[in-house]
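Okay, here's what each chain looks like letter by letter:
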Amino acid sequence: MDADSQTAIVAKSGILNRESEMSRMRLATNLITLIAVVLAGGFIAATLVRYSPGFDTIPEDLDPRINSATLQALHDQHARANSLPAFYARYLAGAMRGDLGVSHNLNQPVAELLRRRAPVTLRLILWGTAAGWLIAGLLAWMAVWTRRVILKATAFSISGLLLAIPPAVLGLAFFFNEAPLSLAVALALVPRLFGTLRALLEDCYTSPALLAARARGVTPGAIAIRYVLGAGAPQLIALMGVALVLAFGSAIPIEALCGVPGVGALTLQAALARDMPLLCGSALAITVFVTFIHAAGELATA
Amino acid sequence: MKKAAVGVLILVALCALFAPLIAPYDYSRQFRESPGVAANSQFPMGTDDLGRDRFSRLIYATRISILLAPAAALVSILLALLISAITATRAAWADHALSGFTALCMSLPWIFLFIILRALLPLNTQPMESILITFGLMGIAGWAWPARIFTASIREMTNSGWLAQARASGMQPRRIALIHAWPHLRAVAAAQFRALLPAYILSEASLGLLGLGVAEPLPSWGNLLAELQHPDRIQSNPWILAPLALLMLVMICLEVIQ
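Colleague: Please explain the overall build of chain A as it appears in this structure.
Modeller: Summing up its helical and strand segments, chain A has 12 helices and 0 strands in all. Sorting the 302 residues of chain A into buried and exposed places 35% on the buried side. In chain A, once contacts between residues fewer than 6 apart in sequence are set aside, the share between residues at least 24 apart is 73%.

Colleague: What is the right way to read the overall build of chain B from this model?
Modeller: For chain B, the count of helices and strands is 12 helices and 0 strands. Projected onto its principal axes, the C-alpha positions of chain B cover 75 × 40 × 25 Å. Across the 258 residues of chain B, 40% fall into the buried class.

Colleague: I'm lost on the nonpolar core in this one. Help?
Modeller: Within soluble globular proteins, side chains that are nonpolar generally end up buried alongside one another. Ranked by size, the top nonpolar core spans 134 residues in total, and within it Val185 and Val190 of chain A carry the most contacts. Residue contributions to this core peak at 15 residues, all from helix H3 (residues 54-89) of chain B.

Colleague: Sorry, what's going on with the interface of chain A and chain B here?
Modeller: Interface size is commonly expressed as the accessible area that is lost once the parts come together. The partner chain B presents 27 residues to the 32 residues of chain A that form the contact. Those elements that provide at least two residues to the side of chain A that touches chain B are helix H1 (3-50), helix H5 (149-163), helix H6 (167-176), helix H10 (233-258), helix H11 (263-272) and helix H12 (276-301) of chain A. Taken together, the residues of the side of chain A that touches chain B break down into 24 nonpolar, 7 polar and 1 charged.

Colleague: I would appreciate a short explanation of the packing of helix H4 (residues 110-144) of chain A against H11 of chain A in the present structure.
Modeller: The axes of two packed helices give the description: the angle between them and the distance between them. Residues and elements named next belong to chain A. Two numbers describe how H4 lies on H11: the axes approach to 8 Å, and their chain directions differ by 130°. The angle between H4 and H11 places the two elements in the oblique class. The segment H4 lies against H11, with Leu113, Leu114, Arg117, Ala118 and Thr121 engaging Val263, Gly264 and Leu266. Residues of the contact of H4 with H11, tallied by class, amount to 5 nonpolar, 2 polar and 1 charged.

Colleague: Sorry, what's going on with the environment of leucine 113 of chain A here?
Modeller: All names here are of chain A. Residue placement: leucine 113 occurs in helix H4. Between the C-alpha atom of leucine 113 and that of serine 103, which follows or precedes it by 10 residues, the distance is 8.7 Å. If we ignore the near neighbours within four places in the chain, the residues touching leucine 113 are Ser103, Leu106, Gln108, Leu266 and Leu278.

Colleague: I would appreciate a short explanation of unusual backbone geometry in the present structure.
Modeller: With the exception of glycine, the majority of residues adopt a negative phi angle, and the majority of peptide bonds are in the trans configuration. Geometrically, the link from glutamate 216 of chain B to proline 217 of chain B is a cis peptide bond, its omega value of 5° lying close to zero. Within the secondary structure layout, proline 217 of chain B lies in the loop between helix H9 (173-210) and helix H10 (221-225). Located in the positive-phi region is asparagine 107 of chain A, a residue other than glycine, with phi close to 55°. Tracing the backbone shows asparagine 107 of chain A in the loop between helix H3 (84-96) and H4. Residue classification places asparagine 107 of chain A among the exposed positions, given that 7 C-beta atoms sit within 10 Å. One non-glycine residue, glutamate 178 of chain A, lies in the positive phi region at around 55°. Its place among the elements puts glutamate 178 of chain A in the loop between H6 and helix H7 (181-205). Exposure remark for glutamate 178 of chain A: the 6 C-beta atoms within 10 Å place this residue in the exposed category.

Colleague: Got a minute to help me understand the packing of H4 of chain A against H7 of chain A in this structure?
Modeller: Residues and elements named next belong to chain A. Contact geometry for H4 and H7: axes closest at 6 Å, N-to-C directions at 40°. As far as their axial angle goes, H7 and H4 are oblique. Crossing handedness for the pair H4 and H7: right-handed. In terms of residue class, the contact of H4 with H7 is built from 23 nonpolar, 5 polar and 2 charged.

Colleague: Just to check I follow, could you spell out H11 of chain A for this structure?
Modeller: Each α-helix turn comprises 3.6 residues. Residues three or four places apart therefore point the same way. All names here are of chain A. The buried fraction of H11 is high, at 8 of 10 residues. All buried positions along H11 are accounted for by Val263, Gly264, Ala265, Leu266, Thr267, Leu268, Ala270 and Ala271. Looking one or two residues beyond H11, the residue adopting positive phi is arginine 274, at roughly 50°.

Colleague: Explain the environment of isoleucine 83 of chain B to me, please; I cannot follow it from the model alone.
Modeller: Residue and element names in this part refer to chain B. Relative to the helices and strands, isoleucine 83 resides in helix H3. Residue isoleucine 83 is classed as partly exposed on the basis of its C-beta count, with 19 C-beta atoms lying within 10 Å. Put simply, isoleucine 83 and alanine 215 are 132 residues apart on the chain and 31 Å apart in space, counted from C-alpha to C-alpha. Not counting residues within four places of it along the chain, the set of residues in contact with isoleucine 83 comprises Leu98, Trp143 and Ala147.

Conventions and cut-offs
Residues numbered from 1 in each chain as written. Chains lettered and ligands numbered in written order. Predicted model: local features only at pLDDT ≥ 70, side-chain atom pairs only at ≥ 80, totals over all residues. Helix = DSSP H or I, 4+ residues; strand = E, 2+ residues; numbered from the N terminus. Buried ≥ 20, exposed ≤ 12 C-beta atoms within 10 Å, placed from the backbone. Contact = placed C-beta atoms within 7 Å. Core = buried A, V, L, I, M, F, W, Y, C linked by C-beta atoms within 7 Å. Nonpolar A, V, L, I, M, F, W, Y, C, P; charged D, E, K, R; others polar. Axes fitted to C-alpha atoms, helices over the stretch in contact; angles between N-to-C directions. Parallel < 35°, antiparallel > 145°, perpendicular 65-115°, else oblique. Left-handed = near helix turned anticlockwise from the far one by under 90°.

What follows is the structure, given as structure tokens:
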């Protein structure tokens, strides 16, 4: 092996070391962010639950046999046992074990309610995201790849029209026509994905590598896999995380209005009933879920 | 195309501004003898279940939705500017903490954030209070998106030669901000304002449908859209779709001028 090759190998291994170090750093940053979110989210949730209306009420309040001095002593004891730091520690410890308290309104454990509803929402947003990607990808392809003005105008018009309709109205239209609601989530997602996918395809279409491949006569299928999916993989993965979160945002009003028993409807129900344990529990669970998705997307693109 | 869109928006804004002159009746006036009637010469779009003129309510709803969404967008922009100025010019730890918080706020679904904030405030409010709460919360909750753009712009500015020169010449920070920084940020702020406006109009519509927006009897596009939950009535009175059509028209015009 000559000196130049050895230098190249050393330089390459140096780059690889730096890259793996950066990946580790990124992993550590994402882990710290996740922990910070759990701690901060837990604190906000615990504070809201602790100071929610009715928290300071004790069962003895309704007992006419207890005199006011005893009642005051019981209230003081309750307040001491539930001071914010103590309550936060207990709430966080409970949350770590999967115990998010009991819903005031439904009188059931919050974690159990979330566990039951989560699959419904997950199904809705996963199908919605998948269909949204397909439709947005097709429209982006029509706008960029076909190079036909009429198709480009159609793609832009469809995307623009969908952007002008509130997701809840789409949901109602699908609900009353007995069509799958995941399609309403998909259509709400399309204009948000279309812009990014179109820009990505435009970049790929004008890249010299792709022009060379087309000139060499590479088949469209191979071009799509090697030059579009391959080159755009980092952005596509990042967009996938964003799409899931956007789909969840669209699913909330759709679930609430169309009577789908998912987490979105549960959250709205909790908000309308001012059920703080349920609201804070679902907020904490959703925040962790969203942070996890973003972290996973970032790590996948690293 | 852009000129036509601007024309339509100006027309809608004028209708909203001069609502009392255009609307034949007050938005809350009930015609108890004619609830739920179809369009006729007296009521151009018919009446709702409570006998209120749909056309008048639509005109007044436009006033609320189209005039208050810019106000909410302005609140978001001002808040974002303030937070970005702190983020970009303070110590690294503050920068990291605020950037992390911004990223978290951006990543959470907007409507979810709003539902949580709305639940912390009284739900049974006076109609005027509900307007302030709805649009105020939108303004407060929507700061994260423009803040990220502003922070990047301010950071770029703080590293620029002209700002260093202004500092070296002993200019007061307030003067630097007003004379040097603001003209640079104005264009970015205008672009962000234009981006937030349709988002807020759409959000108000979604919140109104969920019953978390502007309270009755005040009309807004959101609570007028709630009638869409009764599709059987649409066939007998297609004017129920008028708020949706107007909302879509305004949204499309806003997209065109962006």
